[in-house]
Number of protein chains: 2
Amino acid sequence: MKATASSAAPSAAPNGSDGTGEKRTINAELWHACAGPLVSLPPVGSLVVYFPQGHSEQVAASMQKDIDVHVPNYPNLPSKLICLLHNVTLHADSETDEVYAQMTLQPVSTYDKEALQLSELALRQTRPPMEFFCKTLTASDTSTHGGFSVPRRAAEKIFPPLDYSMQPPAQELQARDLHDNTWTFRHIYRGQPKRHLLTTGWSLFVSGKRLIAGDSVLFIRDEKQQLLLGIRRANRQPTNISSSVLSSDSMHIGVLAAAAHAAANHSPFTVFYNPRASPSEFVVPFAKYQKAVYGNQISLGMRFRMLFETEESGTRRYMGTITGVSDLDPVRWKNSQWRNLQVGWDESAAGERRNRVSIWEIEPVAAPFFICPPPFFRTKRPRLPGMPGTCVLRFQRPNTYASYEVIIVTINSKPVIYSVDMKLVSFHLLIKLHTYLCSSSYYCGKACGLI
Amino acid sequence: MKATASSAAPSAAPNGSDGTGEKRTINAELWHACAGPLVSLPPVGSLVVYFPQGHSEQVAASMQKDIDVHVPNYPNLPSKLICLLHNVTLHADSETDEVYAQMTLQPVSTYDKEALQLSELALRQTRPPMEFFCKTLTASDTSTHGGFSVPRRAAEKIFPPLDYSMQPPAQELQARDLHDNTWTFRHIYRGQPKRHLLTTGWSLFVSGKRLIAGDSVLFIRDEKQQLLLGIRRANRQPTNISSSVLSSDSMHIGVLAAAAHAAANHSPFTVFYNPRASPSEFVVPFAKYQKAVYGNQISLGMRFRMLFETEESGTRRYMGTITGVSDLDPVRWKNSQWRNLQVGWDESAAGERRNRVSIWEIEPVAAPFFICPPPFFRTKRPRLPGMPGTCVLRFQRPNTYASYEVIIVTINSKPVIYSVDMKLVSFHLLIKLHTYLCSSSYYCGKACGLI
DNA sequence: GTGTAGGCTGCGAGCCGACAA
DNA sequence: TTGTCGGCTCGCAGCCTACAC
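The rules behind these values
- Residues numbered from 1 in each chain as written.
- Chains lettered and ligands numbered in written order.
- Predicted model: local features only at pLDDT ≥ 70, side-chain atom pairs only at ≥ 80, totals over all residues.
- Heavy atoms only, no water.
- Helix = DSSP H or I, 4+ residues; strand = E, 2+ residues; numbered from the N terminus.
- Buried < 20%, exposed > 50% of the residue type's maximum accessible area, 1.4 Å probe, protein only.
- Contact = heavy atoms within 4.5 Å.
- Areas by Shrake-Rupley, 256 points an atom, 1.4 Å probe, with all protein chains shown as cover.
- Polar contact = N/O pair within 3.5 Å; in protein donor to acceptor, adjacent residues only side chain to side chain.
- Near = heavy atom within 4 Å.
- Nonpolar A, V, L, I, M, F, W, Y, C, P; charged D, E, K, R; others polar.
- Pairing = 2+ DSSP bridges.
- Axes fitted to C-alpha atoms, helices over the stretch in contact; angles between N-to-C directions.
- Phe/Tyr/Trp six-rings, centres within 6.5 Å; stacked < 30°, edge-to-face > 60°.
- Lys NZ or Arg CZ within 6 Å of the ring centre and 35° of its normal.
- pLDDT = per-residue confidence, 0-100.

Focus on the overall build of chain A
When helices and strands are tallied, chain A shows 9 helices and 21 strands. In chain A, which comprises 451 residues, the share counted as buried stands at 49%. If you take every contact in chain A between residues at least 6 apart in sequence, the share linking residues at least 24 apart comes to 65%. As presented, chain A carries roughly 22000 Å² of accessible surface, and 54% of it is formed by carbon and sulfur atoms.

This is the structure in structure tokens:
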């Protein structure tokens, strides 16, 4: 979709005519901003591990459809392929602006030191924190009634400074999107109380990108002080509801057959990685994989942290416990390491976190207090009324008024205590707490204690 | 895309929430009207021939990309599979209204009489001609400046009759689209000279369906006298420029691997047939295939007719000559019958007709006059100036003023004469004409002769 | 600090016949 | 018969502040 003729219409050369991609290379910074803080792509030339199972999962997520029984097994296709990453190109769907990466992989049986070192580089590389802000659009932002209310900090950090001697202070902003189209906005500082607004041009952007309340828009400033802007749609329906080109069965078969053929011939093949379509990356730096698999002793009850993306495009670590190790798909993918760890999360309120992860996604933490002997959870433990499996207690120190949250999990009818933040709760405090709880009868419900 | 709240917004239950398809069955009449007059789907339970090569072609057309060298051969996959057609469901893309059909096929090695007879039925079945009209939208039709100018005949044939005693005569029309959304239009008969117009509601339809000049809209009246309307987009860029889910290689491999797996196991598989994406149907009634292959003796120089769709959704037969028989893809598909006939067309002006067809697409006509000995055309014959390869002559009979067109093709430096319409030009007339032309020197340019 | 609503205004969507092909 | 244009008008897109949380 091209914006229709108007002041905000793309001034750059339109470039949607050719087939697969864009002639210009996509701005990598903007691409990563849209992809989110957790996404990092392995360097070209490095060694990676490709998981066809994860790839299949992404297809299923995009098609909103599980793998069908008709999809055959590929007994000769291993659950993971060590590959050389020949090429990575960044793309954005011309209709939806959805970001994705195209990777060319080649299965290898031997590899040189350089490729291995490059994949280690991927672990150390941390992108410099860029100047950007991300805001989830409100009903007012997307209505035709008005413009876009810019959070104060965001405007001051990202936008060029206004001349506050003007009445009212205002300027014209130009920002380029992923397709290198330029959008023009009037940036004005007005109202009572004063606030930053984008007015003229904003509604064209909203309708052009078909944004609705709940979607996010993000602005970044590149090294040349130029504004770039991207969008991130809320998790509404998948963009490709049904492809009308290929049945989902054929798609799944295509993924598997392409990988199997490449593996058998050591020939290159191409995959699309769509970071926002599926929860897990299925092309993992080899060093990251190796370090996780050989560095971590997985045991039931092991505590770990894992990075998640926050509302506002930041990151946050959540804590969890390994509750089981088993095949995600025992029929098709026996002994696969793809999401073979069953986990429970400390904060159940946050809700929709996955109950299965792969070992390279987590950071084990040495449990400072209590490690349960296996078997840890019975898989289907009936919830006894009045005795929740998990509850959160808030304790307060009398002198400092600092408060600490601990998690009480009922295991084998015994309470086990986990701290939410290891840094704040001292070992002695936990011991005391443990003693206190063990001496008391079973505890349930919300409560505050004093230690 | 749902129309936003307004008088023309869908009054029917919205039904785009589930994944693959529509809960309601699509109106078959409307689907066929949108698919075009040439498309007919084989009956469920009948025997069909599936051509993976043609399927692959459709994928390539949808992806705007040719088959890559990376796509492996499937030496065990024959170029055609005899299949039982288990299921056919009609669909329309919720974004674009593009029509497509989902078919479940099962390769068979033996088949019963019933399935064979059913596939013969497909040949005899002629859909009853439905009441419909199709108009290609003009710039005025799609501009925001006004409404839709309804061709007089169309309005009188399809729309409910107006009360011409009103000043001006006007009524409200309601029409349902493929997704069962209802669109409301004001139909008025006014202007000087008087004409039929759709005004209020029309622009919402245009913007809702994102129609542009060159696209077509069609109205049909069903058996309950209710209006249905569909759209047909002009041949602009393919809707799925690049899928962002699967690489085109994987798609091709998926098609082939799915067919190969099904063929090996005699298990069912699913294909999407998108009649407007690719020029040829790749699922053919078995009887049609058999009749063509065993009924027609193909020889170079053979004359044939073939049905094409006209601008206004009618059909027209064009005449052509078989100029060669060879594999379309000698590497991947040796000895395949898929579009293995090279052809030339009598009317080169119409231009974009394919130069390769399959035998079941054509109707051989007994050449009443002249059959050229092979080799017929030299493949790259230079056009001699002043001596066109093809020219059209119009002859007129003195007594009736009836005129006949004949085609003169220069072959091996000799003129060969074809009649455009076999019914009108008698054999004797052609003989006379032939003699006339042979006795004269070479003929070129436009001319009228008298016989 | 920021989301939403009410008020006001000007532009363009949309209805009309004129006119020409 | 029907495509396009100029003219006219009214609805709503879009800019503003007030106010609430």
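So, next bit.
Quick notes on helix H1 (residues 28–35) of chain B
Residue and element names in this part refer to chain B. With 6 of 8 residues buried, H1 is to be regarded as a mostly interior element. Residues Leu-30, Trp-31, His-32, Ala-33, Cys-34 and Ala-35 constitute the buried set of H1. Residues of H1 that are buried sit in contact with strand E2 (81–92), strand E3 (99–107), strand E6 (170–176), strand E9 (216–221) and strand E10 (227–232). Residue Asn-27 occupies the N-cap position of H1, its side-chain oxygen lying 3.0 Å from the main-chain nitrogen of Glu-29.

Topic: the protein's contact with DNA strand D
Not every one of the 23 residues close to DNA strand D is listed here, only the nearest: Arg-190 and Ser-203 of chain A together with Lys-135, Arg-152 and Arg-195 of chain B. Interatomic distance of 2.9 Å between a side-chain N/O atom of Thr-200 of chain A and a phosphate oxygen of DNA strand D. Side-chain polar atom of Ser-140 of chain B to a phosphate oxygen of DNA strand D: 2.8 Å apart, as the coordinates give it. Those elements giving two or more residues to the surface near DNA strand D turn out to be strand E7 (182–190) of chain A together with helix H4 (139–142) and strand E5 (148–150) of chain B.

Some points on the protein's contact with DNA strand C
As a structural note, the neighbourhood of DNA strand C is formed by 21 residues, with His-145, Arg-152 and Arg-195 of chain A together with Arg-190 and Ser-203 of chain B the closest of them. What you see for DNA strand C is that sugar and phosphate hold 51% of its atoms within 4 Å of the protein. With respect to DNA strand C, the side chain of Ser-140 of chain A contributes an N or O atom lying 2.8 Å from a phosphate oxygen. A distance of 3.3 Å separates a phosphate oxygen of DNA strand C from a polar atom in the backbone of Gly-191 of chain B. Broken down by secondary-structure element, the contributors of at least two residues to the surface near DNA strand C are helix H4 (139–142) of chain A together with strand E7 (182–190) of chain B. Considering only residue class, the surface near DNA strand C consists of 5 nonpolar, 11 polar and 5 charged.

Comments concerning the sheet that holds E10 of chain B
Residue and element names in this part refer to chain B. Read across the sheet, 7 strands follow the order E4-E9-E10-E6-E7-E8-E5 without closing on themselves; strand pairing throughout is mixed. The open sheet terminates on both sides in strands that have one partner only, identified here as strand E4 (132–136) and E5. Strand-to-strand twist across the sheet, computed as the mean angle between neighbouring axes with direction ignored, equals 35°. Pairing analysis gives 7 bridges linking E6 to E7, with the strands arranged antiparallel. Within the sheet, the bridge partner assigned to Ala-175 lies in E7 and is Trp-183. Sitting on the sheet, H1 touches E6, E9 and E10, and the angle it makes with E10 is about 30°.

Section: the sheet that holds strand E1 (residues 47–50) of chain B
Residue and element names in this part refer to chain B. Read from one edge to the other, the open sheet built from 5 strands follows the order E11-E3-E2-E1-E12, with strand pairing classed as antiparallel. Of all the strands in the sheet, the pair left with one neighbour each is strand E11 (269–273) and strand E12 (283–285). Between one strand axis and the next, the sheet turns through 45° on average, direction left out of account. Where H1 meets the sheet, it contacts E2 and E3, and its direction lies at approximately 100° from that of E3. Contacts from helix H2 (residues 52–63) reach E1 and E11, with the element oriented near 50° to E11.

Quick word on the pairing of E1 of chain B
Residue and element names in this part refer to chain B. Both faces of E1 are covered, namely the face carrying Leu-47 and Val-49 and the face carrying Val-48 and Tyr-50. Bridging between E1 and E2 involves 4 bridges; their strand directions are antiparallel. Looking across to E2, one finds that Leu-47 is bridged to Leu-84. Pairing geometry for E1 and E12, over 3 bridges, is antiparallel. Paired with Tyr-50 across the two strands is Val-283, which belongs to E12.

As for the packing of aromatic side chains
Per the counting criterion, the structure on display carries 44 aromatic pairs over all chains. A ring pair is formed by Phe-185 of chain B and Phe-205 of chain B, whose centres lie 5.7 Å apart and whose planes are at 90°; its orientation type is edge-to-face. Here Phe-185 of chain B, found in strand E7, pairs with Phe-205 of chain B, found in helix H6 (residues 202–208); they are 20 residues apart in sequence, far enough to count as distant. A single burial state applies to Phe-185 of chain B and to Phe-205 of chain B, both of which are buried. A connected cluster of aromatic rings, assembled from ring pairs, spans Phe-133, Phe-148, Phe-159, Trp-183, Phe-185, Trp-202, Phe-205 and Phe-219 of chain A. Between Arg-316 of chain B and the ring centre of Tyr-318 of chain B, over which it is positioned, the NZ or CZ distance is 4.1 Å.

Brief notes about the pairing of E9 of chain B
All names here are of chain B. Counting buried positions along E9 yields 5 of 6 residues, so the element is predominantly enclosed. Pairing geometry for E4 and E9, over 5 bridges, is antiparallel. If you follow Cys-134 over to E9, its bridge partner there is Leu-218. In terms of strand pairing, E9 meets E10 through 6 bridges, oriented antiparallel. In the sheet register, Ile-220 faces E10, and the bridge partner there is Leu-228. Joining the antiparallel neighbours E9 and E10 is a turn of 5 residues, in which Gln-225 adopts a positive phi near 65°.

Describing the confidence of the model for chain A
Per-residue confidence for chain A gives a mean pLDDT of 75, with 70% of residues at or over 70. Contacts for the low-pLDDT stretch residues 419–428 of chain A, under 50 throughout, to residues beyond four places or in other chains number 15 contacts.

A few points about the environment of Leu-328 of chain B
All names here are of chain B. Looking at the element boundaries, Leu-328 is found in the loop between strand E14 (315–325) and strand E15 (341–345). Assessed through its relative accessible area of 31%, Leu-328 is described here as partly exposed. Here the alpha-carbon distance between Leu-328 and Val-357, two residues 29 residues apart in the chain, equals 9.8 Å.

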